[in-house]
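Summary of the model geometry
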Amino acid sequence: MPRSVDALLEVLDLEDLEVDLFRGRSPETSLQRVFGGQVAAQALVAAGRTVVPERSVHSLHAYFLRLGDPGRPIVYDVDRIRDGRSFTTRRVVARQHGRPIFHMSASFQAAEEGLEHADPMPVVPRAEDLPDARAAMGPGTGPWVDWWRDWLPLDVRLVAPVGEGDEGRTRVWLRPLGALPDDPLLHVCVLAYASDLTLLTSTLAMHPGVPRPQVQLASLDHAMWFHRPVRADGWLLFDQRSPSASGGRGLGTGRVFTADGTLVANVVQEGLVRPPRG
């Protein structure tokens, strides 16, 4: 994964190959596959570059089809499905080795007024009062610890259960370790990148007896709804839970709040969750 905010911005700065055709690269990583959040964020960058700046993304729906190869570029092919009076729809296919590895549909909307309501943010400790996740882990090693330590461009703070009914919830504060440029598309793409980090692990919170390092996890599909403008370089609370797991798959749902309690996004993801055999 990127090892700094500058490196993350380089990953999200796609190369224009042709009209509606873009190329993205992966940073050096110890992982054997491309991080799913990177592919989703790059695909959203590609889609957003074909949309007028006055329209912002309000939803995306994606499928992870094959494991990405971090040693090869990814080509993003954008299809301009529709440019309506209020909404713009784009379809993006990411390809490697001549085969699709990821598919996403995204919808953009012109700003307009409407009804307003939102869930309140749960009462949790402030991010500043919690330790950095990497520092809290100590000097241990192993695939699970190495995975966490590879999140170098993000400051991650784990929130322990703080009240009745919190069992089975996974809550984390996240923010990049540095400021981002004033580009609204870039901020939602960074949010899409971060949304794939911890959501699937919420399924494991319902099974505390299962040894996490031995569980095989892989994203299958991913959906996001962006409700309000957001700066992704401030603290964001990811409030996550898993309503169901069966058939080797788990479902995670998440709400994203800013530090002042504003609900800015909802995320749903289903993924492969295979406990150790035997």
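Report on the accompanying structure. Bear in mind that the values here come from a model prediction, so they are computed numbers and not experimental data.

Further remarks concern the side chain of S59. Tracing the backbone through its elements, the reader meets S59 in strand 3 (residues 55-64). Since its relative accessible area comes to 8%, S59 is described here as buried. Each residue touching S59, except ones within four places of it in the same chain, is listed here: S105, A106, S107, M224, W225 and F226.

Here we take up the nonpolar core. Counting residues in hydrophobic clusters, the biggest one holds 56 residues, and the most contacted among them are L44, Y76, F102, M104, L191 and F226. Non-local contacts of F102, meaning those with residues more than four positions away in its chain, are made with V39, A40, A43, A62, Y63, F64, L65, V92, V93 and A94. Within the second largest apolar cluster, nine residues are counted, among which are A127, L130, L237 and L263.

Here the focus is the layout of surface pockets. In this structure, the largest pocket encloses a volume near 1100 Å³. Taken together, 32 residues line the largest pocket, and the ones lying closest to its centre are S56, F226, H227, R228 and P229. Of all the secondary structure elements, the ones that give two or more residues to the lining of the largest pocket are strand 3, strand 6 (99-110), helix 5 (184-195) and strand 9 (216-226). Taken together, the residues of the lining of the largest pocket sort by class into 15 nonpolar, eight polar and nine charged. Two domains each donate at least three residues to the lining of the largest pocket, and these are domain 1 (1-111) and domain 2 (126-277).

Scoring rules and cut-offs
- Within any chain, residue numbers begin from 1 and follow the written order of that chain's sequence.
- Owing to the predicted nature of the model, reporting of local features is limited to residues with pLDDT of at least 70; listing and counting of side-chain atom pairs is limited to 80 or more, with chain, interface and lining totals taken over all residues.
- Just so you know, side-chain values use all the structure's heavy atoms and leave hydrogens and water out.
- A run of DSSP states H or I qualifies as a helix once it reaches four residues; a run of E qualifies as a strand once it reaches two. Both are numbered from the N-terminal end.
- Note on exposure labels: buried denotes an accessible area under 20% of the residue type's maximum, exposed denotes more than 50%, and partly exposed covers the range between, all computed with a 1.4 Å probe on protein chains only.
- For this analysis, residues touch if any pair of their heavy atoms sits within 4.5 Å.
- Grouping buried Ala, Val, Leu, Ile, Met, Phe, Trp, Tyr and Cys residues that are joined through side-chain atoms within 4.5 Å yields what is termed a nonpolar core.
- Of the grid points, spaced at 1 Å and generated over the protein atoms alone, those admitting a 1.4 Å probe that cannot get out make up cavities, while open sets with protein on both sides within 12 Å along at least five of seven lines make up pockets; any residue with an atom within 4 Å of a point is treated as lining.
- Grid points are joined across faces, edges and corners, and a volume is the space filled by probe spheres set on the points.
- Classification used: nonpolar for Ala, Val, Leu, Ile, Met, Phe, Trp, Tyr, Cys and Pro, charged for Asp, Glu, Lys and Arg, polar for all others including Gly.
- Note that the domain bounds were set by an automatic or database domain assignment.

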